[in-house]
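Residue-level structure breakdown
Chain by chain, the residues run as shown.
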Amino acid sequence: MKRILGKLGFAISVLLLISPAIMIFLWMLSLSLKNELDNTAYPPVFIPSPPTLGNYAEVFARNDFLLYAWNSVVVSFSATGIALLLGVPAGYGIAKMRATRLAGLILIARITPGLSYLIPLFLMFQWLGLTGTLVPIVITHLVITLPIVVWVMISFFEGLPGELEEAALVDGATIWQAFRHVAMPLARPGITVACILSFIFSWNNFIFAVVLAGRETRTLPVAVNNMLTFEQISWGPLSAAALLVTAPVLILTLLAQKQIVAGLTAGGVKGA
Amino acid sequence: MSSASAIAAAAATIERRRRNYARTYLWFVVPAAVAVLGTILFPWAFTFFISAFDWHLGSPREFVGFANYAKLFTDERFGLALLRTLYYTSLAVVFPLGLGLAAALIFNQKFPLRGLARTIFILPMMATPVAVALVWTMMFHPQLGVLNWLLQEIGIPPSMWVYHADSVIPTLVLVEVWHWTPLVMLLLLGGLAALPIDPYEAAKIDGATPFQTFRYITLPLLAPYLVVALIIRTIDALKAFDTIYVITGGGPGSASETINIYLYLQAFAFYNMGYASAVVVVFFALILTLAALLMWTREKVRP
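From a predicted model like this one, the values you see are computed outputs, not experimental measurements.

1. Details of the packing of helix α3 (residues 76-107) of chain B against helix α7 (residues 168-193) of chain B
Residue and element names in this part refer to chain B. At a closest axis distance of 6 Å, the pairing of α3 and α7 adopts a crossing angle of 40°. One way to sum up the angle between α3 and α7 is to call them oblique. Judged by the sense of rotation from one axis to the other, the crossing of α3 with α7 is right-handed. Class assignment of the residues belonging to the contact of α3 with α7 gives a composition of 23 nonpolar, two polar and two charged.

The structure is reproduced here in structure tokens:
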């Protein structure tokens, strides 16, 4: 009897733990599938009947939503790609040299609030005449993606046994070849983790684009926030847009949760 | 040639080669280092430079030395923003740590569908903060929001949530707790997985109660991981911007104007670049000091 009660209590606490997450996302979905009348009804209507896709249609019909989605895709992919190109070799070099001080420098990038980069970079992009393009947004997103990639890669390369590369070096390979053809294929899981994490955090980022983006260069988080600020608030389309913005990362998380957990634990625990 | 000198020569060759390697490995780091210099170190130096000027964007700048810093000391709005930031941070550290620890202990048990439950639990951490903030905003609506309906259903008087000066910061912390408790849970779960088994077996033989086991074995062994979580949480809470900006923009009045919001307004609403840069420098110094203090604590608790 006591064991059954214990099990029941345990099941209830698991439910309590996951219910805040479930409830917010379900409520978001519910708001996005109801008409305006039901969304502002009191007491609230929980289950859309009948559900309508009208809100989604409205989102796509106005607001240049597709343009902003494209901007977000370009920014996140470029920032992730460049960070991988620069960060994977850097992680390798730092791991090989055991350069803890260099690693510490990257840690400080994790500590610094995003806003504190923005004043000088904002002024610089103005002088360079780059405002109104996506370039400043991609460059500032490197501030987020590069430390993630370097940090995850350091811990992955440190975990690899060095014997295979040493064997390659003895056989006459250059250091670059040893990295490119031995270490990098072995570290592919690490690269996947770094890639997923930096994509997600670039996609979610708001602060850089809200300052640097012009009308044509908004990313999705900024565009969605503008819907709240500048238009008559209608909850249905707003929720539909919010859900569309966050859906890619939620799906990615569901598909790659193992890698994400591994990366965050490695990066986090070693990261401080 | 004697064998000893041959060995010495070989050793020297190996040593030389190793040093050459070290130099070559440096080239792996150079491109990233240049990017870090350009996007991270240069802004720091430049911010410090700008902070010595009185400079509204669009008008000529004037060198004022440390006058901007002197002004900070008498700026009541800055002082209040600082206090609010500390209030927000302390709440946004304590609750995620407590809840994260409880969650980690639960997810450390084996139970059916554990993987699925864990995935659902970490979803808030990955969700786009702005998108979720919009949904919270709708839920906080005093008349039409679902939260006040829920409160009334269980017999609690409705709250003004983010629409009242007294409740706005705790409400914003609620959103932060929802977002970031999963990260604390993951860090501590990693710690729990790395704990040795022997002390637990000894405790079992000695007939310790589950609470005693937790209090005298798990908690001390987990302490280093708790400190890491504490450091990360403190830094992230100090940095909080997105949800506050989206949900309240610092309001009502300036009741939720933290340093980050104040900084944003000074720089990108009033274009007061010199003064805003001084705020950045002081804020960053504060964060670094806190982080260093916490790291020092971490060295202390390390077994």
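Still more ground to cover, so stick around.
2. A word on the confidence of the model for chain B
Across chain B, pLDDT averages 87, with 94% of residues at or above 70. When pLDDT is averaged over each helix and strand of chain B, the minimum, 77, is found for helix α1 (residues 3-50) of chain B and the maximum, 95, for α3(B).

3. Some words on the pattern of salt bridges
Residue and element names in this part refer to chain B. In the structure shown here, the tally under the stated rule is three salt bridges over all chains. E176 is the salt-bridge partner of R233, the closest N and O atoms lying 2.8 Å from each other. With a gap of 57 residues between them, R233 in helix α9 (residues 210-239) and E176 in helix α7 connect regions that are remote in the sequence. One exposure class covers both R233 and E176, and it is buried.

4. A short note on the packing of helix α5 (residues 100-111) of chain A against helix α7 (residues 135-159) of chain A
Residue and element names in this part refer to chain A. For the pair α5 and α7, the least separation of the axes is 10 Å and the interaxial angle reads 140°. Comparing their axes, α7 and α5 come out oblique. Regarding α5 and α7, the two cross each other, and that crossing is left-handed. For the pair α5 and α7, the contacting residues are A103, I106, L107 and A109 in the first and P147, V150, W151 and I154 in the second. Here the residues of the contact of α5 with α7 sort into eight nonpolar, no polar and no charged.

5. Here's the deal with α3(B)
Across its 32 residues, α3(B) extends 46 Å between first and last C-alpha, which sits within 8% of the 46 Å expected from 1.5 Å per residue. Its side-chain oxygen placed 3.0 Å from the backbone nitrogen of B:R77, B:D75 serves as the N-cap of α3(B).

About the criteria used
- Residues numbered from 1 in each chain as written.
- Chains lettered and ligands numbered in written order.
- Predicted model: local features only at pLDDT ≥ 70, side-chain atom pairs only at ≥ 80, totals over all residues.
- Heavy atoms only, no water.
- Axes fitted to C-alpha atoms, helices over the stretch in contact; angles between N-to-C directions.
- Helix = DSSP H or I, 4+ residues; strand = E, 2+ residues; numbered from the N terminus.
- Parallel < 35°, antiparallel > 145°, perpendicular 65-115°, else oblique.
- Left-handed = near helix turned anticlockwise from the far one by under 90°.
- Nonpolar A, V, L, I, M, F, W, Y, C, P; charged D, E, K, R; others polar.
- pLDDT = per-residue confidence, 0-100.
- Salt bridge = Lys/Arg side-chain N within 4 Å of Asp/Glu carboxyl O.
- Buried < 20%, exposed > 50% of the residue type's maximum accessible area, 1.4 Å probe, protein only.
- Contact = heavy atoms within 4.5 Å.
- Expected span 1.5 Å × (residues − 1).
- Polar contact = N/O pair within 3.5 Å; in protein donor to acceptor, adjacent residues only side chain to side chain.

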